[in-house]
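The lines below spell out each chain.
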Amino acid sequence: MAAAGKRSLAELSLDEFLAAGSESEPDGGSEREEAAAGPAEGAAARRDGKAGQALRARPAPRKKGKASEHKDQLSRLKDKDPEFYKFLEENDRTLLNFDASDSSDDEEEGLHVPPDTLEEASDEDEEEEYEKVKRKKACFIPLSLKMVEEWKKAAERRLTPKIFHEITQAFKAAVATTKGDNGGADPSKFQVTDAAVFNALVSFCVRDLFSCLQKLLLLKNPKNKLKMVLPSTSPLWSKLRLDIKAYLNCTIQLLSCLTEASVGVAVLQHVSSIVPYYLSFPKQCRVLLKQAIHLWSTGEETVRVLAFLVLNKICRYKKELYLSPLLKQMYIAFVKNSRFTSPNVLPMINFMQRTLTEMYALDTHTSYQHAFIYIRQLAIHLRSAMMIKKKENFQSVYNWQYIHCLYFWCRVLSTIYPSEVMEPLIYPLTQVIIGCIKLVPTARFYPLRMHCIRALTLLSENTRTFIPVLPFILEVFQQVDFNKKPGRISAKPINFAVILKLSNANLQEKAFRDGLIEQLYDLMLEYLHCQAYSIGFPELVLPTIIQLKSFLKECKIANYCKPIRQLLEKLQENSAYIASRRQKATFGVASRESVEQWEKQVKEEGTPLTKYYTQWKKLREKEIQLEISGKERLEDLNFPEIKRKKHDERKEEDKKEFKDLFELDSDSDEENVGFPIKGKAKAKQASDDSSEASSKDYGEDDDEEEGEYEIEEDEEELEEDSDSDEEGREAARGSQGSQKQRSCTHGMSRSDLEQLAQGEEDIVEDLAFSDDD
């Protein structure tokens with residue numbers, strides 16, 4: 001009956017299940033009683049479930065805790081072993097007099113007892129939180145222009161720590177509005193809602209506040225400008241320290257969120273004037289350096305300059321603390337921002353190179369450590385490209401970042417020279433640049449070669465180190481066929497300053513050879529003018545003179561021969577000048593001091609090549625500025641055009657040109673004047689036949705492409721180069737005209753003469769050049 005009356009777990013309610021599970025079951029009596037009760041009492045048990053749960057919730061009598069039991073044992077110890085108890089009283093009374101509150105009662109009370117009912121979130125809680133925020137906002141003091149003016153007048157009269165605290169809190173509130181969040185900082189008691197108030201407050205703080213603070217701190221300007229008096233030496237520093245720290249943090253935050261260049265300039269000027277305050281807080285100073293580096297590498301031109309002045313000022317006074325990490329971060333920023341180069345970006349890259357070079361010049365020992373590491377990295381990239389000949393490895397070397405880094409380190413070594421510390425780096429850097437030139441020595445990478453040659457020239461000139469640069473320039477004359485006809489005509493010149501490689505289409509253009517000749521001329525002149533006063537100049541330029549003479553014999557293009565011939569003449573003139581001067585020398589080659597003194601004297605007096613270079617450099621700089629600014633030079637784009645005229649227009653022009661022809665009355669006069677006109681084309685053909693041999697010598701063919709190629713030459717140069725040709729053509733016209741008069745029949749009609757006067761269609765033919773050019 002008991003087994004039959006037992007209910008399954010699924011039939012029990014929640015209260016019955018909890019009541020059954022919480023009863024003690026050591027003797028099993030409760031189960032047996034519930035089974036004997038039968039189904040009749042099951043309903044009663046369900047009805048009385050809650051009442052039973054309430055009874056079970058009453059606290060049962062608790063057992064004694066361990067602490068109470070331990071105290072009873074000690075009291076019994078007094079009766080059992082009084083001597084030991086006495087010993088404890090004398091030596092360790094704390095063991096006997098402990099607090100009995102550390103009983104199991106506390107341990108039991110420490111346990112978490114879940115509540116009977118769980119609380120649910122209600123809308124009232126959210127409303128309470130909203131009311132708290134509203135009350136918090138309501139406690140803000142709105143800032144007005146009147147308050148700013150009162151602070152300004154009070155600060156000018158006598159600034160006090162209390163007024164400075166108020167101004168700092170207001171400035172903090174103003175800066176918080178720039179981003180809508182003060183970055184988790186303590187909120188200010190002021191609130192700025194008006195743009196006019198913001199501008200007035202920031203303007204006052206940036207312009208006048210710290211001059212008043214300087215008077216409050218009783219700081220005096222140091223007599224030695226190389227030293228700086230820190231404001232932390234003032235006796236009032238402890239009262240103002242926290243407010244100054246908060247102000248400096250807000251200034252950095254304001255600097256990071258400004259987008260207007262003019263405002264950024266004003267704030268940076270203010271930051272530069274309060275650098276001593278930043279130096280008193282190392283953490284804020286590091287944050288300022290990080291922000292200044294960002295502005296130096298990415299900002300507008302004036303912002304870049306002011307950011308650099310801040311960086312330079314901090315490092316000059318705290319060199320040992322900030323210089324090394326700063327150089328590393330500035331170099332990384334320079335590399336990141338030199339990935340792409342264009343005419344607009346190039347001046348900024350040059351600015352970063354020059355200013356970073358100035359930072360490296362502050363301490364040569366620190367600079368050597370950085371230069372050694374980074375030049376070694378460049379060498380490792382080059383070695384991997386030479387060993388593993390894959391496209392990725394070539395691209396790791398043949399890119400703008402690598403080339404700008406090479407040029408930058410050449411600039412650093414050139415600026416710091418003479419320096420015993422940095423001088424050992426000249427040779428490895430030179431080897432890296434030469435290896436970069438030899439890595440892929442093809443025509444496509446001629447622009448990259450030009451950049452490397454300029455870096456070597458800069459290094460050689462300023463460090464007085466002989467670097468064999470001329471072979472890499474003269475090699476181009478042997479690799480390129482300047483007589484070859486261009487495959488295509490380009491409208492714009494190639495700007496070698498902002499490219500590293502040429503496309504296959506560029507190699508076929510006429511502009512490629514024009515620009516290449518110009519670049520070779522510039523590079524040879526820039527390198528040789530550095531050696532123009534050297535006592536060994538005649539021997540140095542001898543291979544160059546031989547190579548240039550060979551080029552002039554082979555090249556048949558007059559516009560290419562003209563600058564090279566001019567350079568050759570200047571080299572020969574300078575070589576003869578040095579040879580004549582050294583013949584009068586009374587010392588030998590072994591006397592190094594005498595040689596240096598002689599070269600110094602020749603350099604001061606000037607040589608023919610250096611004087612020519614000075615004039616050329618002025619003109620060249622103007623052209624480079626035009627190229628960098630994106631303006632195209634007129635002589636490069638002044639191509640003459642051939643326009644096909646309509647038949648009626650050509651007829652009217654011919655009538656005006658041969659006006660006298662149609663006014664003649666006699667047939668004999670018409671015959672005499674008309675025949676030379678017909679012979680004009682024949683005379684031109686005869687002139688071309690007479691110069692055919694010279695045209696073949698120059699390697700020019702009589703086709704339309706070559707005609708266009710020659711017509712695209714500059715008009716002024718053509719006029720100068722073809723004076724002698726005009727004289728030959730006039731003579732040919734006269735002789736051919738007289739021959740034609742004798743051979744033609746007399747008595748032509750007027751209509752025949754008019755038809756003859758119209759002439760044939762215009763024929764564009766080659767322009768020939770004389771040997772004098």
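Treat the numbers as computed from the prediction; the structure is a model and nothing was measured.

So, about the overall build of the protein. From N to C terminus, the protein includes 40 helices and two strands. Of all 773 residues assigned to the protein, the portion counted as buried reaches 39%. Nonlocal contacts in the protein, meaning residues at least 24 apart in sequence, comprise 74% of its contacts between residues at least 6 apart. Accessible area for the protein stands at about 46700 Å²; split by element, carbon and sulfur atoms hold 51% of it.

Per-residue confidence for the protein gives a mean pLDDT of 75, with 64% of residues at or over 70. Within the model, the stretch residues 632-643 combines pLDDT values under 50 with 22 contacts to residues more than four positions away or in other chains.

With that out of the way, let us pick up the environment of Leu474. Structurally, Leu474 can be placed in helix α25 (residues 470-479). Residue Leu474 is classed as buried on the basis of its relative accessible area, which comes to 10%. Along the primary structure Leu474 and Leu548 are separated by 74 residues, whereas in three dimensions their C-alpha atoms are 8.4 Å apart. Apart from residues no more than four positions distant in its own chain, Leu474 is found in contact with Met524, Pro543, Thr544 and Gln547.

Our next topic: the side chain of His370. As for its position among the elements, His370 is in helix α20 (residues 364-387). Look past the residues within four positions of His370 in its chain and what remains in contact with it is Ser324, Leu327, Lys328, Tyr360 and Trp409.

Among the secondary structure elements, Glu509 is positioned in the loop between α26 (504-507) and α27 (510-530). Those residues within four positions of Glu509 in sequence are excluded, and the remaining contacts are Pro486, Arg488, Ser490 and Ile494.

The next subject is the pattern of salt bridges. Side-chain pairs of opposite charge can arise where the charged atoms are in close proximity. Under the counting rule described, the total for this entry stands at 10 salt bridges. One salt bridge connects Arg454 with Glu526, and the closest N-O pair in it is separated by 3.9 Å. Separated by 72 residues along the polypeptide, Arg454 in helix α24 (residues 446-463) and Glu526 in helix α27 bring together distant segments of the chain. In this structure Arg454 comes out as partly exposed when scored by relative accessible area, which is 24%. On the accessibility criterion, Glu526 (15% relative accessible area) is buried. We note a salt bridge from Arg620 to Asp522, for which the minimum N-O separation is 3.0 Å. Of this pair, Arg620 sits in helix α31 (residues 608-628) while Asp522 sits in helix α27; the two residues are 98 residues apart in sequence, bridging distant segments of the chain.

For the rest of this paragraph, the subject is the packing of α20 against helix α23 (residues 426-439). Running from N to C, α20 and α23 point in directions that differ by 30°, and their axes come no closer than 10 Å. Taken as axis vectors, α20 and α23 run roughly parallel relative to one another. By crossing handedness, the relation of α20 to α23 is classed as left-handed. On α23, the residues touching Ile375, Leu378, Ala379, Leu382, Ala385 and Met386 of α20 are Leu429, Val432, Gly435, Cys436 and Leu439. Each residue belonging to the contact of α20 with α23 can be placed in one class, and the counts come to 10 nonpolar, one polar and no charged.

On to the packing of aromatic side chains. Using the criterion set out here, one finds 21 aromatic pairs in the structure. Ring plane angle 45° and centroid distance 6.4 Å describe the contact between Tyr331 and Phe334, whose orientation is recorded as tilted. In this pair, Tyr331 and Phe334 are both assigned in helix α18 (residues 319-336), three residues apart and thus about one turn of the helix distant. With a centroid separation of 5.4 Å and an interplanar angle of 85°, the aromatic rings of Phe482 and Phe551 are classed as edge-to-face.

Once that is clear, we can look at unusual backbone geometry. The omega torsion of the bond from Tyr417 to Pro418 falls at 0°, within 30 degrees of zero and hence cis. Topologically, Pro418 is positioned in the loop between α22 (400-416) and α23. Positive phi values are uncommon outside glycine, yet Arg464 reaches one of about 55°. With respect to the helices, strands and loops of the structure, Arg464 is situated in the loop between α24 and α25. Using a relative accessible area of 72% as the deciding quantity, one classes Arg464 as exposed.

With 167 residues, the main nonpolar core has Trp296 and Trp409 as its most contacted residues. The contacts of Trp296, once residues within four sequence positions are left out, are Arg304, Ala307, Phe308, Leu311, Met330, Ala333, Phe334, Phe351, Met352, Thr355 and Leu356.

In an α-helix, one turn spans 3.6 residues; hence positions three or four apart end up facing the same way. For helix α13 (residues 237-257), with 21 residues, the first-to-last C-alpha span of 29 Å sits near the 30 Å given by 1.5 Å per residue. Of all the bends found along α13, the most pronounced is centred on Asp243 and spans about 30°.

On to α27. For α27, spanning 21 residues, the distance from its first C-alpha to its last is 31 Å, which sits close to the expected 30 Å at 1.5 Å a residue. Across the 21 residues that make up α27, a large majority, 19, are buried.

About the thresholds
- Residues numbered from 1 in each chain as written.
- Predicted model: local features only at pLDDT ≥ 70, side-chain atom pairs only at ≥ 80, totals over all residues.
- Heavy atoms only, no water.
- Helix = DSSP H or I, 4+ residues; strand = E, 2+ residues; numbered from the N terminus.
- Buried < 20%, exposed > 50% of the residue type's maximum accessible area, 1.4 Å probe, protein only.
- Contact = heavy atoms within 4.5 Å.
- Areas by Shrake-Rupley, 256 points an atom, 1.4 Å probe, with all protein chains shown as cover.
- pLDDT = per-residue confidence, 0-100.
- Salt bridge = Lys/Arg side-chain N within 4 Å of Asp/Glu carboxyl O.
- Axes fitted to C-alpha atoms, helices over the stretch in contact; angles between N-to-C directions.
- Parallel < 35°, antiparallel > 145°, perpendicular 65-115°, else oblique.
- Left-handed = near helix turned anticlockwise from the far one by under 90°.
- Nonpolar A, V, L, I, M, F, W, Y, C, P; charged D, E, K, R; others polar.
- Phe/Tyr/Trp six-rings, centres within 6.5 Å; stacked < 30°, edge-to-face > 60°.
- Core = buried A, V, L, I, M, F, W, Y, C linked by side-chain atoms within 4.5 Å.
- Expected span 1.5 Å × (residues − 1).
- Bend = angle between axes of the 7 residues up to and from the residue.

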